[in-house]
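Structural overview
Residue strings, one per chain:
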Amino acid sequence: MMLLQCLDLRLYSRKVMHQSTFCASLGAVLGNLVWHASRFPHVVELWLSKFQAKLGEFLCIVNGTFVSFINTYGSVFPSENSDEFQFVKGLCGIVTNLSASPGGRQFLVTHPNGKNLLQKMVKLMPVVPLPTGNSLARLILMLLYNVSINKSGLQYLIELRICQILGPYLSDSISAELKHLSLRLLQSITFELRDELTIDDILTKVTVTRIQELVKTETEIVSSIAKEVILNLKNCQSSLIYDGRFCQDRLDKRTWGRIKPYQRSGSFFIYGTRSIRKPIRQTKPH
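Conventions we followed
Residues numbered from 1 in each chain as written. Predicted model: local features only at pLDDT ≥ 70, side-chain atom pairs only at ≥ 80, totals over all residues. Heavy atoms only, no water. Helix = DSSP H or I, 4+ residues; strand = E, 2+ residues; numbered from the N terminus. Buried < 20%, exposed > 50% of the residue type's maximum accessible area, 1.4 Å probe, protein only. Contact = heavy atoms within 4.5 Å. Axes fitted to C-alpha atoms, helices over the stretch in contact; angles between N-to-C directions. Parallel < 35°, antiparallel > 145°, perpendicular 65-115°, else oblique. Left-handed = near helix turned anticlockwise from the far one by under 90°. Nonpolar A, V, L, I, M, F, W, Y, C, P; charged D, E, K, R; others polar. Expected span 1.5 Å × (residues − 1). Salt bridge = Lys/Arg side-chain N within 4 Å of Asp/Glu carboxyl O. Phe/Tyr/Trp six-rings, centres within 6.5 Å; stacked < 30°, edge-to-face > 60°. Lys NZ or Arg CZ within 6 Å of the ring centre and 35° of its normal.

**A look at the overall build of the chain**
Within the chain, the secondary structure is distributed over 15 helices and two strands. Each of the 286 residues in the chain was classed as buried or not, and the buried ones make up 49%. Sequence-distant contacts, at least 24 apart, represent 75% of the contacts inside the chain between residues at least 6 apart.

**Digging into the environment of Gln52**
Mapped onto the elements, Gln52 comes out in helix α3 (residues 52–73). With a relative accessible area of 42%, Gln52 lands in the partly exposed category. Distance from Gln52 to His111, taken between C-alpha atoms, is 9.8 Å for residues 59 residues apart in sequence. Dropping the residues within four chain positions of it, Gln52 is found in contact with Trp47 and Phe107.

**What about the packing of helix α4 (residues 83–99) against helix α7 (residues 134–149)?**
One can describe the packing of α4 onto α7 by two numbers: an axis separation of 9 Å at closest approach and a directional angle of 20°. The angle between α4 and α7 falls in the class roughly parallel. Relative to α7, the crossing made by α4 is left-handed. Together, Phe85, Val88, Lys89, Cys92, Gly93, Val95, Thr96 and Ser99 of α4 and Ser135, Leu136, Leu139, Met142, Leu143 and Asn146 of α7 make up the contact between the two elements. Class assignment of the residues belonging to the contact of α4 with α7 gives a composition of eight nonpolar, five polar and one charged.

**Comments concerning helix α12 (residues 220–234)**
The first and last C-alpha atoms of α12 sit 21 Å apart over 15 residues, in line with the 21 Å expected at 1.5 Å per residue. Where α12 is concerned, the buried positions are Val222, Ser223, Ile225, Ala226, Glu228, Val229, Ile230, Leu231, Asn232 and Leu233.

**Things to note about the pattern of salt bridges**
Pairs may arise between side chains of opposite charge once their charged atoms sit close together. For the coordinates displayed, the defined rule picks out six salt bridges. A salt bridge links Lys89 to Glu80, with the shortest nitrogen-to-oxygen separation between them at 2.7 Å. Looking at Lys89, the relative accessible area reads 1%, which means it is buried. Linked through salt bridges whose partners overlap, the residues forming this network are Asp172, Arg210 and Glu213.

**A look at the packing of aromatic side chains**
Taken as a whole, this structure holds four aromatic pairs when the rule is applied. Between Phe69 and Phe77 the ring centres are 4.9 Å apart and the planes differ by 65°, which places this aromatic pair in the edge-to-face class. Judged by relative accessible area, which is 9%, Phe77 ranks as buried. Here the aromatic cluster, defined as three or more aromatic residues joined through ring pairs, consists of Phe69, Tyr73, Phe77 and Phe85. Arg184 extends its terminal NZ or CZ atom over the ring of Tyr145, reaching a point 4.6 Å from the ring centre.

Here you go:
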């Protein structure tokens, strides 16, 4: 009797394993196909106009899958070519392309499932192992940057203390692309920033000294964005001047005088969108 039970358990275990493998493979294929389709704005507009309820359910699925993937693999991700990794990356790519649309951004930051997904991404980003998780981190940074263009999205990211997690993504060991995306996000957040808690996070977790180092040591495109972040922080000078760390980071008038201003459009909002930068669309899966 015991022998039969053991055989049954082995049989059920194989069936479950086979089903799990099949589902991961199916998810990887369908996820990449929909990811490809989502790069077309009219596809996203159709989803938003006809299938909002399904989009809400989809965001719930992405949230559960993303959290499960991080909790399962932790600091040791599977190969990027594995079905599990491709499945999760495909889902995140779809949401990133959704956020490249004004309506998609608004949907993300107003729907409970969208806000929950953003909260989990911000919370778990420090756990994503680098460089094995670079492609996933790239999609998340693109998504967060797109969300920051939206007025409500920016406020929500500030509430999530987004700047607390950006410091490690600007360290020397990080790829130039991730530094670039992190600085773009920081540039968007610091534009006309007046939130003292966020300013404090930048001073303590990112530090102006580190941003100044990026101006001198990184590629031209990374350096130019770092300069703009410093210029944004200059505009916060009236808020920062009381803080001793402001002086420690040597953000004095001589520093400002050596940096060439960067031309940008106004800071007004149109339908919840800050007109400072174009969103990023992940045009094709990597």
